[in-house]
There are 2 protein chains.
Amino acid sequence: MEEKNVRELQEFKKLLNEKKYAALRGKAQDMNEADVAEIMSNLDDVDMLRMFRLFPKELAADVFSMLENDDQQYIITQLSESEAGSIIDMLQSDDAVDLLEEMPANVVKRLLANAREDTRADINHLLKYEEDSAGSIMTVEFVDLKAEMTVMDAIDRIRAVGLESETVNTCYVLNPKRLLLGTVALRYLLLRQPDEIIGDFMNEEVISCNTGTDQEKVAQIFKKYDFEALPVVDNENRMVGIITVDDVMDIMEAEMTEDIERMAAIIPNDKPYLKTGPIETWKKRFPWLLLLMVSATFTGKIITSFESALNQYIILAAYIPMLMDTGGNAGSQASTEVVRGLSLDQIHFEDFFKVAWKEMRVGLMCGATLAFANLVKCVYLDHVSMAVALTVCMTIIMDVFISKLVSSMLTILVDHANLDPAVVASPLLTTIIDASSLMIYFSIAKVMLGI
Amino acid sequence: MEEKNVRELQEFKKLLNEKKYAALRGKAQDMNEADVAEIMSNLDDVDMLRMFRLFPKELAADVFSMLENDDQQYIITQLSESEAGSIIDMLQSDDAVDLLEEMPANVVKRLLANAREDTRADINHLLKYEEDSAGSIMTVEFVDLKAEMTVMDAIDRIRAVGLESETVNTCYVLNPKRLLLGTVALRYLLLRQPDEIIGDFMNEEVISCNTGTDQEKVAQIFKKYDFEALPVVDNENRMVGIITVDDVMDIMEAEMTEDIERMAAIIPNDKPYLKTGPIETWKKRFPWLLLLMVSATFTGKIITSFESALNQYIILAAYIPMLMDTGGNAGSQASTEVVRGLSLDQIHFEDFFKVAWKEMRVGLMCGATLAFANLVKCVYLDHVSMAVALTVCMTIIMDVFISKLVSSMLTILVDHANLDPAVVASPLLTTIIDASSLMIYFSIAKVMLGI
């Protein structure tokens, strides 16, 4: 929280304690609703609810839509059923769905029973779409015009639909079957004469997505076209809603957090760090740790099977951590860049051989650089025999080469098989690369040292 | 590229080969400029330039602003100086600055010499701001109104400034000293009577940022308030530009890629994977590999110093990879979550002890879970002595506990020292944790096994 809001928080607490409710209400009305929401989420639950009850209806709805999901759930379950219903009525349909999706089915049923019939219909409709699909994140509130309307008719229509929403900067022209014919930016309505016909100047080159389109794809469309809103059509091509850019930013952030967490062997969930209790965090983390620990057994087995070689040349053990780390780092560099390229839509399955060829060259160059540095170190610092030094250096070259090649190829293949490449990128590859590093090491050692 | 555009690409190639220029121009004009740009970037350079030269001026500027930076550079250097100058004139100032920042100073000078004087002034002004500051990403094109204007005056002003830009959905009300008094959403102008005064209904609760604000902070403001544009003021509080949401999406993506690359021990650069040659990629990757290899020497030294212990109990070597990996994974889970929390503004320096306390508990729980699993495995599968089994299990508990605690604390401290926590998150921590894992292991072994 910023300093300004830390001060405001103290103010609000004071006003609450002194029961100066009118002053508190006035203060909240003068502030941006996002700031009010931030301050409220730093109050304890009881005070948050007290403060919320003081707000006039419209402010309450605005602030509510800016609160974190868990705060929303708390408030909505504490309100009377009719109060809760009217909050639901005032939310945009996508915000309402976000909230209800997280709640138990019986609570959802009760809340919807107290909402207006059209709200209920909209929400029930939206709840049917698959999670993470365009349908599940769209809002059904948008301004629809007819092609034969005049500019004057259009402006009347906009007033009727409601100007509060930011979703009116673009209006959508539909035919009687609700097929999308074109769009009109609000700013052009200002320029035109009142009696001009919408159909004559609307933009007919429309880009839309389907209700089933994945949200990651939706984010890519926004980035490509720099849109502020994207129309969503159903399977019969009828327009059913829009997705706005602020929701897309949230999606981008959530998808990135997921990617990063998977790469660090964490089971993603979307709660902020400090709001997740230790047991919940433990549940996110130990399954992967356990799986990786078990799979590292395999690596241990390799070492055990070369026990006699190690017994003869105990110095070989000293290089094991370095070789494993180097292979692991080299591999995760490659897979990370490929994962990122895939999710930014810069790499596709067709590029498989291009990627492999690139990684082979980079792998050789990196391997050679490291091997050379290592040779110098082995000879001048470690004073090991030339045979051992060469064993280590040759292992480095092979190891880096294979790590980069295998990591990049595996990442693309996993993505192509519709599994998540981020999971492979780091945790699983570690095990594969550890094992291959050791196999290479001991195989070369056997030949070079004649064990 | 999507299938639709793959087909279009073939069409365009055909039209170019058959020199059907009028048809090509017409086709391009009917398409979205982002699609035209995507198709052009898949042509070879000569064809891309040929196609570009066919476009009428306005289409040329629209498409140009959607091209990748390297394609833009190629085209602009191939055009005559006056052609290039007029492209620069037609770009939004932030897009022009993005382009020029990447080019050699003498080329920039020549290009600006051929641009209009006001363009030159705007760009020179913007080029002065530090990279990644709000000043460097803002555009100076926005609609400024005066508080005493009527709605009619305002609409005239908007027409004069130009309606093409999407940046007019919000207008900014300035006083004669160019201080920002309020904002008016375009949609409200539609509702009001022509003779109403702007100052009477403008929104006076304005949120802005300073030219020096870091772009990551800018992105956070956008996310918090769901803005479409954010006004930027200079140190004297005069409004100098706006930042639009489409640029913020690019920033979020770039920052995220940087974070991810740093965590994977890659030196970030912003070129797409397939457009980076092997030598360039090698340069991004080998410095970290080398540094990490050298620092792993330290780990080797620890093993060497326990050579006699290893000689007595060679079985201890078999558990080294598992212990190092487990420590590393446990640590990177903690630091990754903290890095993410920091960059999403969910964790702050004040939370230092909260985070440490949480990681201690999670670390103990994870460590105990893993140790228990490992005890079962050691006894029933590996058939090692109880003393060795307990040595390994105790190491796991200590190792996971310390790894999580050290990783999380170090991440917060590094961030507080204004260094990049993402670098620490993975590569550097690996070395520290490897070393600590081994020290713990051998220390416990010494006591337990009486070596």
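Scroll up to find the structure.
Each value, and the rule that gives it
- Residues numbered from 1 in each chain as written.
- Chains lettered and ligands numbered in written order.
- Predicted model: local features only at pLDDT ≥ 70, side-chain atom pairs only at ≥ 80, totals over all residues.
- Heavy atoms only, no water.
- Least-squares fit on C-alpha atoms with pLDDT ≥ 70 in both.
- Contact = heavy atoms within 4.5 Å.
- Buried area = accessible area lost by both parts, 1.4 Å probe.
- Salt bridge = Lys/Arg side-chain N within 4 Å of Asp/Glu carboxyl O.
- Disulfide = S-S within 2.5 Å.
- Buried < 20%, exposed > 50% of the residue type's maximum accessible area, 1.4 Å probe, protein only.
- Helix = DSSP H or I, 4+ residues; strand = E, 2+ residues; numbered from the N terminus.
- Pairing = 2+ DSSP bridges.
- Axes fitted to C-alpha atoms, helices over the stretch in contact; angles between N-to-C directions.
- Core = buried A, V, L, I, M, F, W, Y, C linked by side-chain atoms within 4.5 Å.
- Phe/Tyr/Trp six-rings, centres within 6.5 Å; stacked < 30°, edge-to-face > 60°.
- Lys NZ or Arg CZ within 6 Å of the ring centre and 35° of its normal.
- Patch = residues over 30% accessible without salt bridge, like charges linked within 9 Å, V, L, I, M, F, W, Y side chains within 5 Å.
- Areas by Shrake-Rupley, 256 points an atom, 1.4 Å probe, with all protein chains shown as cover.
- Lys, Arg positive; Asp, Glu negative; His and termini not counted.
- Charge placed at Lys NZ, Arg CZ, Asp CG, Glu CD.
- Parallel < 35°, antiparallel > 145°, perpendicular 65-115°, else oblique.
- Left-handed = near helix turned anticlockwise from the far one by under 90°.
- Nonpolar A, V, L, I, M, F, W, Y, C, P; charged D, E, K, R; others polar.

*Asks:* Would you take a moment to explain the relation of the copies chain A and chain B for this structure?
*Replies:* The operation linking the two copies of the chain is a rotation about an axis combined with a translation along the axis. Rotating chain A by 180 degrees and moving it 0.0 Å along the rotation axis overlays it on chain B with an RMSD of 0.1 Å. Both copies of the chain, as the preceding transformation shows, are related through a two-fold rotation axis.

*Asks:* Would you take a moment to explain the interface of chain A and chain B for this structure?
*Replies:* Each side of the interface is counted separately: chain A has 115 residues, and chain B has 115 residues. Overall, the association of chain A and chain B removes approximately 10900 Å² of surface from exposure, summing both partners, and the carbon and sulfur fraction of that is 64%. Counting the surface chain A buries against chain B, the share from its top three residues, A:Arg187, A:Leu190 and A:Tyr273, is 8%. Close ionic contact of B:Lys224 with A:Asp35 constitutes a salt bridge, the shortest N to O distance being 2.7 Å.

*Asks:* Would you explain the state of the cysteines in this entry?
*Replies:* Simply put, disulfide is the name for a covalent bond between the sulfur atoms of two cysteines. Residue and element names in this part refer to chain B. Enumeration over the complete set of coordinates arrives at zero disulfides over all chains. With no disulfide of its own, Cys378 lies closest to Cys393 among cysteine sulfurs, the gap being 5.4 Å. Cys393 gets classed as buried once you look at its relative accessible area, which sits at 6%.

*Asks:* Looking at this structure, I do not really get helix H5 (residues 57–66) of chain B. What am I missing?
*Replies:* In an α-helix, one turn spans 3.6 residues; hence positions three or four apart end up facing the same way. Turning to H5(B), its buried residues are B:Leu59, B:Ala60, B:Ala61, B:Val63 and B:Phe64. Packed against the buried residues of H5(B) are helix H2 (21–30), helix H3 (33–40), helix H4 (45–54), helix H6 (69–78), helix H7 (81–90) and helix H8 (93–101) of chain B.

*Asks:* Looking at this model, I keep getting lost on the pattern of salt bridges. Mind explaining?
*Replies:* Two side chains that carry opposite charge are able to pair once their charged atoms sit near each other. Taken as a whole and judged by the stated rule, the model has 41 salt bridges over all chains. A:Arg238 is the partner of A:Asp234 in a salt bridge, and the nearest nitrogen-oxygen pair spans 3.0 Å. Here A:Asp234 falls in the buried class, since its relative accessible area comes to 11%. Assessed through its relative accessible area of 35%, A:Arg238 is described here as partly exposed. A cluster of three or more residues bridged by salt bridges with shared partners is formed by A:Lys4, A:Asp35, A:Glu38 and B:Lys224.

*Asks:* Explain the sheet that holds strand E6 (residues 239–244) of chain B to me, please; I cannot follow it from the model alone.
*Replies:* Residue and element names in this part refer to chain B. If you walk across this open sheet you meet the three strands as E4-E5-E6, and the pairing is mixed. Each edge of the open sheet carries a strand with a single partner, namely strand E4 (209–210) and E6. Relative to the sheet, helix H15 (residues 215–225) contacts E4, strand E5 (229–233) and E6, its axis offset from that of E5 by approximately 135 degrees.

*Asks:* Would you explain the nonpolar core in this entry?
*Replies:* Here is a general trend for soluble globular proteins: nonpolar side chains tend to be buried in one another's company. Core analysis: the largest hydrophobic core is formed by 136 residues, its most contacted members being A:Met40, A:Phe55, A:Ile243, B:Met40, B:Phe55 and B:Ile243. Those residues in contact with B:Phe55, other than ones at most four positions away along the chain, are B:Leu24, B:Ala28, B:Val36, B:Met40, B:Ala60 and B:Val63. Grouped together as the second largest cluster of nonpolar side chains are 72 residues, A:Phe306, B:Leu310, B:Met324 and B:Cys366 included.

*Asks:* I keep staring at the pairing of strand E5 (residues 229–233) of chain A and nothing clicks. Help me out?
*Replies:* Every regular strand shows the same layout, with side chains that alternate between the two sheet faces. Residue and element names in this part refer to chain A. Counting buried residues in E5 gives five out of five residues, a clear majority hidden from the surface. Every second residue of E5 is oriented toward a common face, with Ala229, Pro231 and Val233 on one face and Leu230 and Val232 on the other, all of them buried. Bridge analysis of strand E4 (residues 209–210) against E5 gives two bridges, and the strand direction is parallel. Within the sheet, the bridge partner assigned to Asn210 lies in E5 and is Val233.

*Asks:* Sorry if this is basic, but what is going on with the sheet that holds strand E3 (residues 180–185) of chain B here?
*Replies:* Note: strands within a sheet are paired through backbone hydrogen bonds, in either parallel or antiparallel orientation. Residues and elements named next belong to chain B. The three strands lie next to each other as E1-E2-E3, forming an open sheet whose pairing is mixed. Only two strands of the sheet have a single neighbouring strand rather than two, namely strand E1 (144–146) and E3. Ignoring strand direction, the axes of neighbouring strands in this sheet form an average angle of 35 degrees.

*Asks:* What is the right way to look at the packing of aromatic side chains in this model?
*Replies:* For any pair of aromatic rings, the description consists of the separation of the ring centres together with the inter-plane angle of the planes. Counting across every chain of the model gives 18 aromatic pairs over all chains. On the numbers, 5.2 Å between centres and 90 degrees between planes, the contact of A:Phe352 with A:Phe353 is edge-to-face. With relative accessibility at 13%, the residue A:Phe352 sits in the buried group. Here the aromatic rings of B:Phe349 and B:Phe352 are separated by 6.1 Å at their centres, their planes lie at 45 degrees, and the arrangement is tilted. Judged by relative accessible area, B:Phe349 falls into the partly exposed class, the value being 33%. Clustering of aromatic rings is evident, with ring pairs tying together A:Phe52, A:Phe55 and A:Phe64. A cation over a ring is seen here: A:Lys358 above B:Tyr273, with NZ or CZ 4.1 Å from the ring centre. The ring of B:Phe12 carries the charged tip of B:Lys27 above its face, separated from the ring centre by 5.9 Å.

*Asks:* When you look at a negative patch on the surface in this model, what are you seeing that I'm missing?
*Replies:* Residue and element names in this part refer to chain A. A cluster of acidic residues, Asp98, Glu101, Glu102, Glu130, Glu131, Asp132, Asp214, Glu216, Asp250 and Asp270, forms a negative patch at the surface. Positionally, Asp214 belongs in the loop between E4 and helix H15 (215–225). Judged by relative accessible area, which is 38%, Asp214 ranks as partly exposed.

*Asks:* So what exactly am I meant to see when it comes to the packing of H15(A) against helix H16 (residues 245–263) of chain A here?
*Replies:* To describe two helices that pack against each other, one gives the angle between their axes and the distance between the axes. All names here are of chain A. Where H15 contacts H16, the two axes come as close as 10 Å, and the packing angle between them is 120 degrees. Comparing the axis directions of H15 and H16 gives the class oblique. Crossing of H15 against H16: the hand is left-handed. The residues of H16 that touch H15, namely those facing Gln215, Glu216, Val218, Ala219, Phe222 and Lys223, are Val245, Val248, Ile251, Met252 and Glu255. Here the residues of the contact of H15 with H16 are counted per class, giving seven nonpolar, one polar and three charged.

Note that every value here comes from positions in space, so none of it alone points to a role or purpose.
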